[in-house]
Number of protein chains: 4
Amino acid sequence: MEIKVDLISDTGTRPSQDMRRFMAEAEVGDEQLGEDPSVNRLCRMAAEMLGKDEAIYLPSGLMANQISFAVHTKQGDEIIMDQTAHPIHYESAALAVISGASIRPLKGEGGIFTVEQAKEAIRDDDYHSPQTKVISIEQTTNLGGGRIWPLERIKEIAELAVDNNLKMHMDGARMLNAAVAADVNPAEYGQYFDSIWLDLSKGLGAPVGSVLAGSAEFIEQARFWKQRLGGAMRQAGIIAAGGIFALEHNVARLKEDHKHAKMLAETIADQKGLEIDPDTVETNIVLFSVADGKADLFADELLEKGIRVSRMEGKLRAVTHLDLSLEDIRYAVKHIEKTAKDIFV
Amino acid sequence: MEIKVDLISDTGTRPSQDMRRFMAEAEVGDEQLGEDPSVNRLCRMAAEMLGKDEAIYLPSGLMANQISFAVHTKQGDEIIMDQTAHPIHYESAALAVISGASIRPLKGEGGIFTVEQAKEAIRDDDYHSPQTKVISIEQTTNLGGGRIWPLERIKEIAELAVDNNLKMHMDGARMLNAAVAADVNPAEYGQYFDSIWLDLSKGLGAPVGSVLAGSAEFIEQARFWKQRLGGAMRQAGIIAAGGIFALEHNVARLKEDHKHAKMLAETIADQKGLEIDPDTVETNIVLFSVADGKADLFADELLEKGIRVSRMEGKLRAVTHLDLSLEDIRYAVKHIEKTAKDIFV
Amino acid sequence: MEIKVDLISDTGTRPSQDMRRFMAEAEVGDEQLGEDPSVNRLCRMAAEMLGKDEAIYLPSGLMANQISFAVHTKQGDEIIMDQTAHPIHYESAALAVISGASIRPLKGEGGIFTVEQAKEAIRDDDYHSPQTKVISIEQTTNLGGGRIWPLERIKEIAELAVDNNLKMHMDGARMLNAAVAADVNPAEYGQYFDSIWLDLSKGLGAPVGSVLAGSAEFIEQARFWKQRLGGAMRQAGIIAAGGIFALEHNVARLKEDHKHAKMLAETIADQKGLEIDPDTVETNIVLFSVADGKADLFADELLEKGIRVSRMEGKLRAVTHLDLSLEDIRYAVKHIEKTAKDIFV
Amino acid sequence: MEIKVDLISDTGTRPSQDMRRFMAEAEVGDEQLGEDPSVNRLCRMAAEMLGKDEAIYLPSGLMANQISFAVHTKQGDEIIMDQTAHPIHYESAALAVISGASIRPLKGEGGIFTVEQAKEAIRDDDYHSPQTKVISIEQTTNLGGGRIWPLERIKEIAELAVDNNLKMHMDGARMLNAAVAADVNPAEYGQYFDSIWLDLSKGLGAPVGSVLAGSAEFIEQARFWKQRLGGAMRQAGIIAAGGIFALEHNVARLKEDHKHAKMLAETIADQKGLEIDPDTVETNIVLFSVADGKADLFADELLEKGIRVSRMEGKLRAVTHLDLSLEDIRYAVKHIEKTAKDIFV
Ligand SMILES: [Ca+2]
Ligand SMILES: [Ca+2]
Ligand SMILES: [Ca+2]
Ligand SMILES: [Ca+2]
Ligand SMILES: [Ca+2]
Ligand SMILES: [Ca+2]
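Residues numbered from 1 in each chain as written. Chains lettered and ligands numbered in written order. Predicted model: local features only at pLDDT ≥ 70, side-chain atom pairs only at ≥ 80, totals over all residues. Heavy atoms only, no water.

(A) Region of the structure containing the coordination of the calcium ion (ligand 4). Around the calcium ion (ligand 4), the protein supplies A70 of chain B (O), T73 of chain B (O) and Q75 of chain C (OE1) as donor atoms, at distances of 2.6 to 3.1 Å. Within this pair, whereas T73 of chain B is found in the loop between α3 (61-72) and β3 (77-82), its partner Q75 of chain C is found in the loop between α3 (61-72) and β3 (77-82), the two belonging to separate chains. Comparing T73 of chain B with Q75 of chain C shows no difference in burial state: the two are buried. (Donors = N, O, S within 2.8 Å, 3.2 Å for Na, K, Ca; no water. Helix = DSSP H or I, 4+ residues; strand = E, 2+ residues; numbered from the N terminus. Buried < 20%, exposed > 50% of the residue type's maximum accessible area, 1.4 Å probe, protein only.)

Structure follows, in structure tokens:
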């Protein structure tokens, strides 16, 4: 079956013709020697956008998380995060392997925990237990359904972190979705974090990479880890150029994706057998339940019509992105309605 | 203040005069070369008791847990255990540091989870996630309040493990308390586990050490880890002899400790301001709540009378053991009553 | 000073216009889902070339080494390699960090050790020592001066490995230089190795990446490590296409680079104050000594003329590559002669 | 065959009757809570002896090395040591496993390297290479033949360390042999090291343990690692008392062992077929060669007469210790002479 409307993830976005042309013309050098002008330019753009001293270009968001954790912790330390967070489920236990650190999972709402929960999870200074060192926040929450961490909540948690000598980390896989939806300048987020990154290959439409920002001292340490983990490339300017193009052209339009997600959510909410609260759809992720254990069946039926969604812990997830037009979304809406009727009515 | 009745833990038990004499006369050799007759004898005793091929003597129970995990896993694997389990709170994140593995915590009842919970926690065979490799059970549950894993539950979970190609591990810090209280032969437990250990220094009254048992192949691998972690000692027969003495003299009498714990629990249940369900006190641990956030005050007041209890996650814990006579327990009962009245009436 | 002739490394090669055009037109998909056609095609090409079941695309050669080691070893294992090998000097101790394994360095000739040296370095099966698990070979030897491991030597060492149940790994950073210079089909090398990779971004002129090949089972495990280390990208087909183009167009021409290196070596051998045996220059690396501790001065003087070489452990290294024409080499020859005269005559 | 004269190692020394009595009467408590008076007393004795703030009692010397390294390094760091050093050959690659650090081996003389060698081995501050953090010295050198690091050499190396911001570590497995033989107060050694330990179970004759000393801040960190590695015991005062007794009674008498070693060395030097320079026998280790590849035969023949020596990298090693009387040594002398004649004359 050919896939017509791919809602499986915004990671699948493909570079446009304009982006490809821009990439093909990129000036390049050896980035391991700091000599790639396009990589350097992208890093300056991201550092400025996030209000940080410097930034470093990396082949993936996972590496941005793991390098941040490796720099902030020493072995035996612990990181507080929501129980739905990406490092718990999708990073192959990299934190334990690379940093020798453990995770303290919190039971938040839609991936968002409270300052009280965080406070209670901080360990005593006692050699029996892991030692809390970092609080990590995923903006937006992926398994939590694309929810936005409000700036006020972030601020409170950052104060707790300062009081307890903890580092703050933002997993910014979809941080610009949050910034656009909540109308917050990314640097306003950045001020509260010791490490913060944004992904270029999701809603922004670049083919590869993330940019991790922090203090000059943090980035200096991050370079060691980039090398050690195999993230130091050569003429990476080719792909970094995709990131430059994305930051210049594809940020504001994330609003379109959010509007499309809302359309899907409202359609889903109206169907018998499907369940979602459209008010919780704040960005481009639509996480919904299917009654009677029929999630797999529902997803299979959609796939028959060329619509691909993902299966996550018993639920289904549809993600909107820049490769999907209004027409595509309408096609999805139509077939979600039809499929729900077929199954549940 | 001199401590008269130390309920802080059964880890504090001191060797008796008879045990000391037995230890002083122990035959010894170089255990790193396998030439210590007392160590060898203790290991044969423990292996037989637990129904396993072989056993290895270790300086601590923590090392028994960590060596088992290190042998069973490779980096990036995951271990299922209750959220109250010892490796999560009291092992300084050793699993991440030593094995590079992660923990999947389950929300059990009194430290005991169901086979359904375990089943749901097993990861898909997918390179994004950690890979489940071990189910670990703490017998009895410490932070869970000394509860006993029933043999039937263990059997069901072991079947799940076999079906999913997982290893079974028992943290047997107080396993003989369970065996004595439930009248189960330790080898009946042993049959369901790939690794199982018992602690000699808690209720059994020996000064140092644990014995870890498993298949010959498992113990062969465990020797590498014992050396690597610094657990290979020299004329360890001196302390191993304490373990031999303990297994010969101090097992059956654990019933006394359980009776004493029940006395304390019933006293506590009767007091205004203190809360416990005495039916949940199955062995030698008495975990109770104090009303109005007065746990610290209550513990301080008891300490004034020479009674020491421990503070655990907002609750108080009293542990009975072989250094406490009926008279000591009566002294504690009297002062618990008195202190509760002073504070709450 | 503008750099006219950059001999610092073949890592600095830039994609040609034709390569850029080919990349810009690459078909792409989400490589984390195995859906990128260009990545898939490159992997099939490399697997076939190296005579292996499958291959995996990675952002760097370092990651290819470290993933191979991680799959082949468990913690506490040891890898035999020459004392000049890349993982000892240029991988930020990644082997210890990622795999928890140690290195047994051998004192070879030009980076090439004998089967007797390797045999003697294999550890006894004894829990006191690390356990030998892998023999790693760097083809060509970088710090050894671009020397070629002869096929016969490789065969002998592979037999030793089989006899001792060890894995064979080839660090193929410049393996195609060896294949072309020695007129050996890469698959002839491949047959002796459990893991073998080639670098696309050095003499082949692609901007980013390496391809690691092995058995289907090996690659299955490698996927976990690629994810865990942050090497799983998205629409990586863009850069993989550079690799496809390189394998199709830039292999045979490595002979040119070797000829250029020979020209430089012969020039250097003729100068007073410079020392090299031109017979040892087998590929594209020219490693030479400068008398009287004047290596730094000599390099600085060359740089004044726009010629950049690298400094390595007291020696100077010049590397030829596809961005250097015969004219460039002649320019270098002229100024090497002139500079040597200025300093030493 | 019964072993009459066991020269295999001083690790095999057994506690005397007086030591056993002293141990049996030791006052004990829970050392994990800092409440064991005998452990505390031993630690104060060792700290004072070594001129350090504090000390910590550990089950083995290996753990003392590994904890020191773990505290001094972060992942990716490197430690300089002689190529014969214990952590390279007898610690199961623990440094890589536990600390994620690498070793830079130096080719010293009898296990003793020069300050120039150390200086050259220090890495540049460059993210490609491991980062040098510690210089480790083994006093006396075991595989080096019991050689003593002269105080002057130590001082020079310590100055190099200070200049380069490196930590100094002494593996003091037989440090008191050096102190007694060279007539140096152990605190004179101690002043040059950030971490320094002595072994109680070798020539000192205690059954178990080592004591690691350093600054208060260092010991604070060491406690975390002691717990994490499973070295935190309970009523360890029983074995610590053996250490107290050893420090009080068995230090000065190490001179006897050195005299005995000299007797053996002179005998060996006189035999056809055996080779040793008696001037290199400075303490209690006698490392000698046997001609014509007959080391194994020679060791087997000695064993027939009840004399056990160890085989080390093609050589034989005899170690004298407090369980061997002058008579035992004479017995060994006689049979070494006889066996050498039988084989070589
Ligand atoms: Ca994309
Ligand atoms: Ca770290
Ligand atoms: Ca005890
Ligand atoms: Ca393992
Ligand atoms: Ca290149
Ligand atoms: Ca001893």
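(B) Quick peek at the side chain of Q227 of chain D. For Q227 of chain D, the location among the structural elements is in helix α10 (residues 216-228). For Q227 of chain D, a relative accessible area of 2% puts it in the buried group. Setting aside anything within four residues of it in sequence, one finds Q227 of chain D in contact with Y127 and H128 of chain A, L62, Y90 and S92 of chain B together with Q32 and A232 of chain D. (Contact = heavy atoms within 4.5 Å.)

(C) Inspection of the coordination of the calcium ion (ligand 5) at higher detail. Looking at the metal site, the calcium ion (ligand 5) is ligated by Q235 of chain A (OE1), T13 of chain C (O), T13 of chain C (OG1), S201 of chain C (O) and A206 of chain C (O), spaced 2.4 to 2.9 Å from it. Pair noted here: T13 of chain C is in the loop between β1 (5-6) and α1 (17-24) and S201 of chain C is in the loop between β7 (195-199) and β8 (210-214), with a separation of 188 residues, a long-range link. Exposure remark for S201 of chain C: the relative accessible area of 3% places this residue in the buried category.

(D) View of the domain arrangement of chain A. All names here are of chain A. Per the domain assignment, the segments of chain A are domain 1 (17-249) and domain 2 (253-344). Summarising the inter-unit geometry, the C-alpha centres of domain 1 and domain 2 are found 28 Å apart. At the interface, 20 residues of domain 1 touch 13 residues of domain 2. Across the domain 1 to domain 2 interface the summed buried area is about 1500 Å²; carbon plus sulfur atoms make up 56%. A salt bridge links R147 to E282, with the nearest nitrogen and oxygen atoms 3.7 Å apart. For the interface between domain 1 and domain 2, the tally reads 5 residue pairs in polar contact (both at pLDDT 80 or more). Per-element tally for the side of domain 1 that touches domain 2: the top contributor is helix α8 (residues 175-182), with 5 residues. Its residues placed into classes, the side of domain 1 that touches domain 2 shows 8 nonpolar, 10 polar and 2 charged. (Domains from an automatic or database assignment. Buried area = accessible area lost by both parts, 1.4 Å probe. Salt bridge = Lys/Arg side-chain N within 4 Å of Asp/Glu carboxyl O. Polar contact = N/O pair within 3.5 Å; in protein donor to acceptor, adjacent residues only side chain to side chain. Nonpolar A, V, L, I, M, F, W, Y, C, P; charged D, E, K, R; others polar.)

(E) Just a negative patch on the surface, in detail. A cluster of acidic side chains, namely E120, D124, D125 and D126 of chain A, E313 of chain B together with E217 and E220 of chain D, defines a negative patch on the protein surface. Tracing the backbone shows D125 of chain A in the loop between α6 (115-121) and β5 (131-138). A residue is classified by how much of its surface remains accessible, and D125 of chain A, at 64% relative accessible area, is exposed. (Patch = residues over 30% accessible without salt bridge, like charges linked within 9 Å, V, L, I, M, F, W, Y side chains within 5 Å. Areas by Shrake-Rupley, 256 points an atom, 1.4 Å probe, with all protein chains shown as cover. Lys, Arg positive; Asp, Glu negative; His and termini not counted. Charge placed at Lys NZ, Arg CZ, Asp CG, Glu CD.)

(F) Just the interface of chain D and chain C, in detail. Taken together, the contacts link 20 residues of chain D with 20 residues of chain C. Carbon and sulfur atoms supply 54% of the area that chain D and chain C bury against each other, a total of about 1400 Å² over both sides. At the boundary of chain D with chain C, the tally comes to 10 residue pairs in polar contact (both at pLDDT 80 or more). For the side of chain D that touches chain C, the elements supplying multiple residues, two or more each, are α4 (86-89), α5 (94-99) and β4 (102-106) of chain D. When residues in the side of chain D that touches chain C are grouped by element, the largest group, 3 residues, is from β4 of chain D.

(G) Looking closely at the packing of aromatic side chains. In total, this model carries 16 aromatic pairs over all chains according to the counting rule given. Seen from their ring centres, Y127 of chain A and F224 of chain D are 6.4 Å apart, and the 75° between their planes marks the pair as edge-to-face. Pair noted here: Y127 of chain A is in the loop between α6 and β5 and F224 of chain D is in helix α10, and the two residues belong to different chains. No difference in accessibility class separates Y127 of chain A from F224 of chain D, as the two residues are buried. Sitting over the face of the ring of W225 of chain B, R228 of chain B holds its NZ or CZ atom 4.4 Å from the ring centroid. (Phe/Tyr/Trp six-rings, centres within 6.5 Å; stacked < 30°, edge-to-face > 60°. Lys NZ or Arg CZ within 6 Å of the ring centre and 35° of its normal.)

(H) Main features of the relation of the copies chain B and chain D. Relative to chain D, chain B is turned by 180° and slid 0.0 Å along the rotation axis, the superposed coordinates differing by an RMSD of 0.0 Å. Between the two chains, the operation in question is that of a two-fold axis. In this assembly, 100% of the residues forming the interface of chain B have copies in chain D that are likewise at the interface, indicating an isologous arrangement. (Least-squares fit on C-alpha atoms with pLDDT ≥ 70 in both.)

(I) Molecular detail of the sheet that holds strand β5 (residues 131-138) of chain B. All names here are of chain B. The strand order across the open sheet built from 7 strands is β2-β8-β7-β6-β5-β3-β4, with neighbouring strands paired in mixed fashion. Lying at the two open borders of the sheet, with one neighbouring strand each, are β2 (54-58) and β4 (102-106). Pairs of neighbouring strands in the sheet enclose a mean axial angle of 25°, with direction left out of account. Pairing analysis gives 4 bridges linking β3 to β5, with the strands arranged parallel. Across the sheet, D77 pairs through a bridge with Q131, a residue of β5. Of the strands in this sheet, β2, β7 (195-199) and β8 (210-214) are in contact with helix α10 (residues 216-228), which crosses β2 at around 20°. (Pairing = 2+ DSSP bridges. Axes fitted to C-alpha atoms, helices over the stretch in contact; angles between N-to-C directions.)

(J) Looking closely at the pattern of salt bridges. This structure, assessed with the given rule, holds 76 salt bridges over all chains. Here R234 of chain A and D30 of chain A are joined by a salt bridge, their closest N and O atoms 3.1 Å apart. With R234 of chain A in the loop between α10 (216-228) and α11 (237-249) and D30 of chain A in the loop between α1 (17-24) and α2 (37-50), this pair connects stretches of sequence that are 204 residues apart. Summarising the burial analysis for this pair, R234 of chain A and D30 of chain A share the class buried. Here the salt bridges share partners, and the residues they tie into one network are D6 and R308 of chain A together with E35 of chain C.

(K) A look at the UniProt feature "domain: Aromatic amino acid beta-eliminating lyase/threonine aldolase" (unreviewed entry) in chain A. In the numbering adopted here, UniProt assigns the feature "domain: Aromatic amino acid beta-eliminating lyase/threonine aldolase" (unreviewed entry) to residues 6-288 of chain A. Overall, residues 6-288 of chain A shows 42% helix and 16% strand. The separation of its end C-alpha atoms is 16 Å. (UniProt positions renumbered as here; feature names shortened; annotations may be inferred.)

(L) Main features of the packing of helix α1 (residues 17-24) of chain B against helix α1 (residues 17-24) of chain D. The interhelical angle for the contact between α1 of chain B and α1 of chain D, taken along N-to-C directions, is 160°, at an axis separation of 9 Å. Compared by their axis directions, α1 of chain B and α1 of chain D come out roughly antiparallel. Relative to α1 of chain D, α1 of chain B is oriented so that their crossing is right-handed. Across from R20, M23 and A24 of chain B in α1 of chain B, the residues of α1 of chain D making contact are R20, M23 and A24 of chain D. Partitioning the contact of α1 of chain B with α1 of chain D into residue classes produces 4 nonpolar, no polar and 2 charged. (Parallel < 35°, antiparallel > 145°, perpendicular 65-115°, else oblique. Left-handed = near helix turned anticlockwise from the far one by under 90°.)

(M) Geometry of the UniProt feature "modified residue: N6-(pyridoxal phosphate)lysine" (unreviewed entry) in chain A. All names here are of chain A. Within the UniProt annotation, "modified residue: N6-(pyridoxal phosphate)lysine" (unreviewed entry) is assigned to K202. Tracing the backbone through its elements, the reader meets K202 in the loop between β7 (195-199) and β8 (210-214). Contacts of K202, omitting those with residues within four sequence positions, involve D10, T11, T13, A173 and R174.

(N) Representation of the relation of the copies chain D and chain C in the model. Under the fitted operation, chain D is carried onto chain C by 0.0 Å of movement along the axis and a turn of 180°, and the coordinates agree to an RMSD of 0.0 Å. Counting the interface residues of chain D, we find that 100% of their copies in chain C are interface residues as well, pointing to one common contact surface.

(O) Representation of α11 of chain A within the structure. Residues and elements named next belong to chain A. A rise of 1.5 Å per residue sets the reference length of α11, with its 13 residues, at 18 Å; its end C-alpha atoms lie 18 Å apart and thus fit the reference within 8%. Buried residues dominate α11, accounting for 11 of its 13 residues. Those residues of α11 not exposed but buried are G237, I238, I239, A240, A241, G242, G243, I244, F245, A246 and L247. (Expected span 1.5 Å × (residues − 1).)

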